[in-house]
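A structural walkthrough
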Amino acid sequence: MKLSNIRIVLVQTTHPGNIGAVVRAMKNMGLEQLHLVDPKHFPHADASARASGADDLLAAAVVCETLEDALAGCSLVFGASARLRTIAWPQLDPRQCARVISTLDESAEVALVFGREHAWLTNEELEQCHYLVHIPANPDFSSLNLAAAVQVMAYEVRVACSDNATSQESEPSNTQLATADELAGFYRHLEQTIIDIGFLDPDNPRQLMRRLRRLFNRSRLDKMELNILRGILAAAQKAARRRY
Ligand code: SAH
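All values reported here derive from a predicted model rather than from experimental measurement.

Focus on the domain arrangement of the protein
For the protein, the assigned domains are domain 1 (3-166) and domain 2 (180-243). Taking only C-alpha atoms, the centre of domain 1 and the centre of domain 2 are 29 Å apart. Taken together, the 19 residues of domain 1 in the interface contact 10 residues of domain 2. Summed over both partners, the interface of domain 1 with domain 2 comes to about 1,200 Å²; 51% of that surface belongs to carbon and sulfur atoms. Broken down residue by residue, the surface that domain 1 buries against domain 2 is led by Glu68, Glu127 and His130, which jointly contribute 40%. At the surface where domain 1 touches domain 2, the tally comes to two salt bridges. Remark: the boundary between domain 1 and domain 2 carries seven residue pairs in polar contact (both at pLDDT 80 or more).

Structure follows, in structure tokens:
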């Protein structure tokens, strides 16, 4: 896995100084790609000041309107969460997360998503992640500063990727994983189809889509598998139209 293919995604950051501290942490660990989802103030002098030498990463940062835009092209997405969630979602610590990343194919793109300073990632945002990552910390004071959280994650990823480069553990694979935007399209298609065939009542959706996302995320679909599933959905919609 190439460190340059790992993108850090910050969602609605309030303090531009934190964005500067994040790029510094990234550059120290050899990460290059920053995506900002709807930042409150950017560009900003405080961001440049705190970047102290990592301004090139700030200049190259991509500003996006939505998290879905920021994840385009990524085949694996991790959401950093300061608290353990009520929704059951696959969860890793930073070292386990870095291990998973280090075994991916060279061409894979990966996103590490971080939430707002004064709130956190919403459940809808977390559901766009394959895994949640929680940095084990003092249970009475477990919320790290944003840049500190990025630093911990970036360090673990660097160590795991360089361990792997020396041990040559990573296996090149022939399959290309589906990307986050392809999966988002699939989930929309799936939801519409199960409404069309009368399986999901849109007025009483319960937890169905969340459970289905969890199921398909766990199986790490490749592009061909995703196309097969979309073909099945299209056929089911066609059959439902003929019947009703
Ligand atoms: N007040 C928020 C924390 C904001 S810190 C809360 O209590 O949840 C900003 C971001 O840093 C978080 O959204 C999360 O992405 C990351 N972060 C902070 N502490 C973390 C921890 N212990 N584990 C994982 N991510 C953490």
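As for the site of the ligand
Lining the immediate surroundings of the ligand are 18 residues, of which Ala80, Ala119, Ile135, Ser142 and Leu144 lie closest. Within the backbone of Leu144, one N or O atom sits 2.9 Å away from a nitrogen atom of the ligand. Coverage of the ligand by the protein amounts to 94% of the 550 Å² it exposes when considered alone. Partitioning the shell around the ligand into residue classes produces 10 nonpolar, five polar and three charged.

What about the packing of helix α8 (residues 180-196) against helix α9 (residues 208-218)?
Close contact between α8 and α9 brings their axes to 11 Å; oriented N to C, the two are set at 135°. Classified by the interaxial angle, the pair formed by α8 and α9 is oblique. The two elements α8 and α9 cross, and the hand of that crossing is right-handed. Residues Leu183, Phe186, Tyr187, Leu190, Glu191 and Ile194 of α8 form the contact with α9, whose own contacting residues are Leu208, Met209, Leu212, Arg213, Phe216 and Asn217.

Definitions and cut-offs
Residues numbered from 1 in each chain as written. Predicted model: local features only at pLDDT ≥ 70, side-chain atom pairs only at ≥ 80, totals over all residues. Heavy atoms only, no water. Domains from an automatic or database assignment. Contact = heavy atoms within 4.5 Å. Buried area = accessible area lost by both parts, 1.4 Å probe. Salt bridge = Lys/Arg side-chain N within 4 Å of Asp/Glu carboxyl O. Polar contact = N/O pair within 3.5 Å; in protein donor to acceptor, adjacent residues only side chain to side chain. Near = heavy atom within 4 Å. Areas by Shrake-Rupley, 256 points an atom, 1.4 Å probe, with all protein chains shown as cover. Nonpolar A, V, L, I, M, F, W, Y, C, P; charged D, E, K, R; others polar. Axes fitted to C-alpha atoms, helices over the stretch in contact; angles between N-to-C directions. Helix = DSSP H or I, 4+ residues; strand = E, 2+ residues; numbered from the N terminus. Parallel < 35°, antiparallel > 145°, perpendicular 65-115°, else oblique. Left-handed = near helix turned anticlockwise from the far one by under 90°.

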